[in-house]
Amino acid sequence: MNQNERYLSAKEMYAKIGVDTEAALAKLQNIRISMHCWQADDVHGFEGMGALTGGIQTTGNYPGIARNPEEVFADLDKALSLIPGTHKINVHANYAIGEPGEVIERDKLEPRHFAKWVELAKKHGCGLDFNPTIFSHPMAKDGMTLSHPDKEVRDYWVRHTIACIRISEYFATETGYPCVMNIWTGDGTKDIPADRMGPRARYADSIDRALACGYDKSKVYVTVESKVFGIGVEAYTVGSGEFSLCYAISRGITPLMDNGHYHPTEVVSDKIPALLCFSDKIALHITRPIRWDSDHVVAFDDETREMMKEVVRCDALDRVFLSTDYFDASINRVSALIIGMRNVQKALLNALLTPNEDLKALQDAGNYSRLFALQEEYKLMPLGDVWAEFCVRNNVCPCNDWYKEIEKYEDEVLSKRV
Ligand code: RNT
Ligand code: ZN
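Below you will find a few notes about this structure.

## A word on the coordination of the zinc ion (ligand 2)
For step 1, the next point in the chain: Protein-derived coordination of the zinc ion (ligand 2) comes from Glu 225 (OE), Asp 258 (OD), His 285 (ND1) and Asp 325 (OD), at a distance range of 2.1 to 2.2 Å.
For step 2, the next point in the chain: Relative to the metal, the 6 donor atoms surrounding the zinc ion (ligand 2) lie at angles of 71 to 173°, and the coordination shape comes out octahedral.
For step 3, the next point in the chain: Linear spacing of the donor residues for the zinc ion (ligand 2) on their chain is E-x32-D-x26-H-x39-D. In this pair, Glu 225 sits in strand 6 (residues 220-225) while Asp 258 sits in strand 8 (residues 254-258), placing the two residues 33 residues apart along the sequence. Across this residue pair, the class does not change: Glu 225 and Asp 258 are buried.

## Description of the side chain of Glu 169
For step 1, the next point in the chain: Counting through the fold element by element, Glu 169 comes out in helix 5 (residues 151-175).
For step 2, the next point in the chain: On the accessibility criterion, Glu 169 (18% relative accessible area) is buried.

## Quick look at the site of ligand 1
For step 1, the next point in the chain: Every residue lining ligand 1 is accounted for by Trp 38, Ile 56, His 92, Trp 184, Glu 225, Lys 227, Asp 258, His 261, His 285, Asp 293, Asp 325 and Phe 327.
For step 2, the next point in the chain: Measuring from an oxygen atom of ligand 1, one finds a side-chain N or O atom of Glu 225 at 2.7 Å.
For step 3, the next point in the chain: Contact distances for ligand 1 include 3.2 Å between an oxygen atom and a side-chain N or O atom of His 285.
For step 4, the next point in the chain: Bound to the protein, ligand 1 loses 99% of the 310 Å² it would expose on its own.
For step 5, the next point in the chain: Its atoms largely coinciding with the cavity grid, ligand 1 occupies the largest cavity.
For step 6, the next point in the chain: Its residues assigned to classes, the shell around ligand 1 shows 4 nonpolar, 3 polar and 5 charged.

About the cut-offs
- Starting from 1, residues in each chain are numbered consecutively following that chain's sequence as written.
- A letter from A marks each chain and a number from 1 marks each ligand, given out in the order of writing.
- Note on the predicted model: pLDDT of at least 70 is required for a residue's local features to be given, and 80 or more for side-chain atom pairs to be given and counted; whole-chain, interface and lining totals, by contrast, use all residues.
- Side-chain metrics rest on all non-hydrogen atoms present in the structure, leaving aside hydrogens and water.
- Any N, O or S atom lying within 2.8 Å of the metal counts as a donor, and for Na, K and Ca the limit rises to 3.2 Å; water is left out, so some sites can look incomplete.
- In short, tetrahedral needs four donors with all angles between 85 and 135 degrees, square planar needs four and octahedral six donors with opposite donors over 155 degrees apart and all other angles between 65 and 115, and whatever is left is irregular.
- Segments assigned H or I by DSSP are reported as helices when at least four residues long, segments assigned E as strands when at least two residues long, and all are numbered from the N terminus.
- Three exposure classes are used, based on accessible area relative to the maximum for each residue type with a 1.4 Å probe and protein chains only: buried under 20%, partly exposed in between, and exposed over 50%.
- Here a residue is considered near a molecule or strand provided that any single heavy atom belonging to it is located within 4 Å of it.
- For this analysis, a polar contact is any N or O atom pair within 3.5 Å, provided that within protein one partner can donate a hydrogen and the other can accept it, and provided that sequence-adjacent residues contribute only side-chain to side-chain pairs.
- Here the open area of atoms and residues is found with the Shrake-Rupley method and a 1.4 Å probe, where only the protein chains shown may cover a residue.
- Any residue with an atom within 4 Å of a point lines the site, the site being either a cavity, points on a 1 Å grid over the protein atoms alone where a 1.4 Å probe fits but cannot get out, or a pocket, an open set with protein on both sides within 12 Å along at least 5 of 7 lines.
- What decides whether a molecule sits in a cavity or pocket is whether more than half of its atoms lie within 2 Å of the grid points.
- Three classes are used: nonpolar for Ala, Val, Leu, Ile, Met, Phe, Trp, Tyr, Cys and Pro, charged for Asp, Glu, Lys and Arg, and polar for all others, with Gly counted as polar.

All quantities given are derived from atomic positions and should not be read as evidence of function.
Here it is in structure tokens:
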């Protein structure tokens, strides 16, 4: 059977369980996932930044890392060409691009420093999201930034956050898509703190002061990301789960959950519907934790599928901002971007091809045996044939063919970066 015949046969099989593959494909076509730029260069950015701090770390030394804006852009171009659909690009503040020789202070960032990102986004029809970079910097003192006891340190980061809100507005205006601006800090302590509340009160006050700058809420969605712990910040994290969630809900902004930021047996799939009961919008950083917040490339695994099922069956595709967040330096970085993005899309397609209403009805009727039986049977439906059809319709290689493009790119471009 050729691809088209396989798709038609899959379409028939899905129709038999009450699922319209064309409707699922049409929905998937409209889902924008925000692809994080920082997998391209291990979060280095363009400031000549030293080692990563704030509890995050990349591991691996795969050759061919992008070393400047041109190389990062070339790699993102390549990645986007092998990911079906039209998406968003998620930019970090340390990826500012100045004039040759210009040293850009983080608290003095301006929209012009991101004009090239706007150009890139427009070329691809993409939206842009943004992140203040509140780590890996001399003003991240004693592991503290927005929650630091010294007001001068806090003020610096408040100014940085305000500058980032302005850049986010600029992104939204230029691209025509709202910009999600995510606040994350690695603030915390390595060992048992003497004061857990003081830093949290200061963190809340600092974000309050930044948000008081005033911004267009239809253009910029400010999110706050929580975390349980980081490397070197094991005992206490200021922006914990409870803090970040309560902060976001009480201020009418958006909570962000990174599924690497919880205790290993907690699952974000279960938290999605919980938060959707109380917050109009929520945001996700989709990653793959192995034993800790290891930031492995997103796989097509049970939890990714379960998370995307929740987004779809809560009918929340327009309420959940989806973005990827991982950094693996041990494999080809461009392939890492493609693999993770495509896996999120496959998980979404899987959710869209599930007869969710029928399954809900079985649950409500208390028919748990039939529910379990069907959930297990549906795992073997011909999802791959519908996914291949999606790729073909988007002029992107399906299945294993795309990796040949990566080998070619590695040979012609990445291997020359020495
Ligand atoms: C760190 C957070 C955060 C970062 C980015 C680079 O644990 O997940 O989102 O990954 O800001
Ligand atoms: Zn994250």
